[in-house]
Amino acid sequence: MTDTSAAGPGTASAPDRPLPLDRRSLAPDLARGVMLLFIALAHTHLFTVFIGGPENIATAADQLTVAGTTMFVDLRSYPMFAALFGYGLAQIHRRRSEQGYAWPRTRGLLRRRGLWLIVFGLAHTVLLFPADILAVYGLVTLLLMGVLRLRDRTLVILAALWLPVAAAVHALVASDNAITGGGMPLMPDGFANELLFRLTLFAVLVVIMFISTLVPFMIGVLAARHRLLERPHEHLRLLRTTAFVGIPLAALGGLPLALDKAGVWTDATPGDVLLTSGLHQVSGYAGALGYAALIGLIAVRFTGRQGPVTNALAALGQRSMTFYLAQSVAWAVLFSSYTLDVHLTSPAVGVGIAVAVWLTTVLLADLMRRRGMRGPAEVALRRLTYGGGSGAGGGSGSSRG
């Protein structure tokens, strides 16, 4: 995600150099590290559909997996990352304003960042994965960077007005699938066929993901202005309320669709799917914010006394763009017809694979931390955005842009 805690140290002499680990806010890094697990779970779920078609619920474990993924992962992890993206973009704007940069210069920097994110995202799509989010974030940056200058009240109104639009789009897509019997297309065999598959599917998904990003993006901008994750100890009441209301609300909001997908609710009509899918989308935003708030509360407890687990998760979060892309490399190696060609049809097995891949990235990120290595994707994006001499060295890696 965006550089949510290390856009710069706030000095005019080196305005864009990343902060070292001991000066970074723990909560944003921890949030990204944990939520990469949710991204892995969501992506392996996609591959069960790409390879085997509609979920093959052969066991009770598969049934529980589908229900749990629907209630706690699907459309919950993506909005969380989108909110962190907005949070980071607002931080860059705030810090550059504090350093005396006029808006046109900041706008130019953000425009370069957005363009390079689109380039990274398109390469990611062509080579590895059809549901890329980097290009979507680039588009949002180019088209909506102006919201960084809007008042808080205006942001709240815009988010509230867009919320039913996002819910309606997901509901209509889901009900259309229920009526036509469609869904995600099966992934074909062969390098050229898979490449075409990724590009074709991305052309559709990018529109849906863009629509889904706007509400959490604006909420993230609002949260950054009040430094909710940088200073979580100052917002404990708000964070507790958000966590202990948002997460249960997401679970309850996702329950009807979970029962349908798990095969417990066997006579759901397309109209039922329309309503449950809209409810699933809206409640997902609450869950995403609840997860972020919960991680903020955890960060309050561990800031200043991090152990090996906390440090490893934070290290992963600092290099989240690199390991987001690394996950896609793992999926390509495992599931492409021209590599290992693993036929993933069981949702429960998919969860095991997702957890194993995520744990591997945690270990690798911690090894990089110990050796003082920044994420290569973060380094490349920073140098392309700021230029080779600005912020290219020193400190720990910034996060996904």
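Residues numbered from 1 in each chain as written. Predicted model: local features only at pLDDT ≥ 70, side-chain atom pairs only at ≥ 80, totals over all residues. Heavy atoms only, no water.

Caption draft 1: Structural detail: the overall build of the protein chain. Per the secondary structure count, the protein chain includes 13 helices and zero strands. Going through the 401 residues of the protein chain one by one, you find that 55% of them count as buried. Taking as baseline every contact in the protein chain between residues at least 6 positions apart, the subset at least 24 positions apart corresponds to 82%. (Helix = DSSP H or I, 4+ residues; strand = E, 2+ residues; numbered from the N terminus. Buried < 20%, exposed > 50% of the residue type's maximum accessible area, 1.4 Å probe, protein only. Contact = heavy atoms within 4.5 Å.)

Caption draft 2: Structural view of the nonpolar core. Within the largest apolar cluster, 93 residues are counted, with the highest numbers of intra-cluster contacts made by F47, M80, L110, Y137, F217 and W331. Aside from chain neighbours lying at most four places away, what touches M80 is A31, M35, A288, Y291, A292 and I295. Within the second largest apolar cluster, five residues are counted, among which are M71, A251, A258 and A262. (Core = buried A, V, L, I, M, F, W, Y, C linked by side-chain atoms within 4.5 Å.)

Caption draft 3: Spatial organisation of the confidence of the model for the protein chain. When the pLDDT values of the protein chain are averaged, the result is 86; 87% of them are 70 or greater. Note that pLDDT drops below 50 for residues 1–22; the model gives that stretch 88 contacts with residues more than four away or on any other chain. Confidence over residues 389–401 falls short of pLDDT 50; this stretch has 65 contacts with residues more than four positions distant or in other chains. (pLDDT = per-residue confidence, 0-100.)

Caption draft 4: Representation of helix α8 (residues 236–261) in the model. Taking 1.5 Å per residue, 26 residues should reach 38 Å; α8 reaches 36 Å between its end C-alpha atoms and fits that length. Along α8, the largest kink reaches about 45° and is centred on L255; proline P256 follows within four residues of it. Those residues of α8 not exposed but buried are L239, A243, G246, I247, A250, A251, G253, G254, L257 and A258. The elements touched by buried residues of α8 are α2 (60–72) and α9 (270–302). Looking one or two residues beyond α8, the residue adopting positive phi is G263, at roughly 85°. (Expected span 1.5 Å × (residues − 1). Bend = angle between axes of the 7 residues up to and from the residue.)

Caption draft 5: Local environment of the pattern of salt bridges. This structure, assessed with the given rule, holds nine salt bridges. As a salt-bridge pair, R225 and D152 come within 2.8 Å of each other at their nearest N and O atoms. Taken together, the residues R225 in helix α7 (residues 191–225) and D152 in helix α6 (residues 152–180) connect sequence positions 73 residues apart. By relative accessible area, which is 28% here, D152 ends up partly exposed. Two residues, R370 and D366, come together in a salt bridge whose shortest N-O distance is 3.0 Å. (Salt bridge = Lys/Arg side-chain N within 4 Å of Asp/Glu carboxyl O.)

Caption draft 6: Focus on the environment of S283. Considering the arrangement of structural elements, one finds S283 in helix α9. Measuring from C-alpha to C-alpha, the distance between S283 and R76 comes to 8.3 Å, with 207 residues separating the pair along the chain. Beyond its immediate sequence surroundings of up to four residues, S283 is in contact with R76, L249, A250, G253 and G254.

Caption draft 7: Highlighting a nonpolar patch on the surface. On the surface, a nonpolar cluster with roughly 340 Å² of combined accessible area is contributed by L252, L255, L259 and V264. Tracing the sequence through the fold places L252 in helix α8. (Patch = residues over 30% accessible without salt bridge, like charges linked within 9 Å, V, L, I, M, F, W, Y side chains within 5 Å. Areas by Shrake-Rupley, 256 points an atom, 1.4 Å probe, with all protein chains shown as cover.)

Caption draft 8: Fine view of the packing of aromatic side chains. By the definition in use, this model includes eight aromatic pairs. Ring plane angle 25° and centroid distance 6.4 Å describe the contact between Y78 and Y137, whose orientation is recorded as stacked. Taken as a pair, Y78 in helix α3 (residues 77–98) and Y137 in helix α5 (residues 134–144) lie far apart in primary sequence, 59 residues in all. Residue classification places Y137 among the buried positions, given a relative accessible area of 0%. Ring centres of W331 and F335 lie 6.2 Å apart, and the angle between their planes is 20°; this geometry places the pair in the stacked category. (Phe/Tyr/Trp six-rings, centres within 6.5 Å; stacked < 30°, edge-to-face > 60°.)

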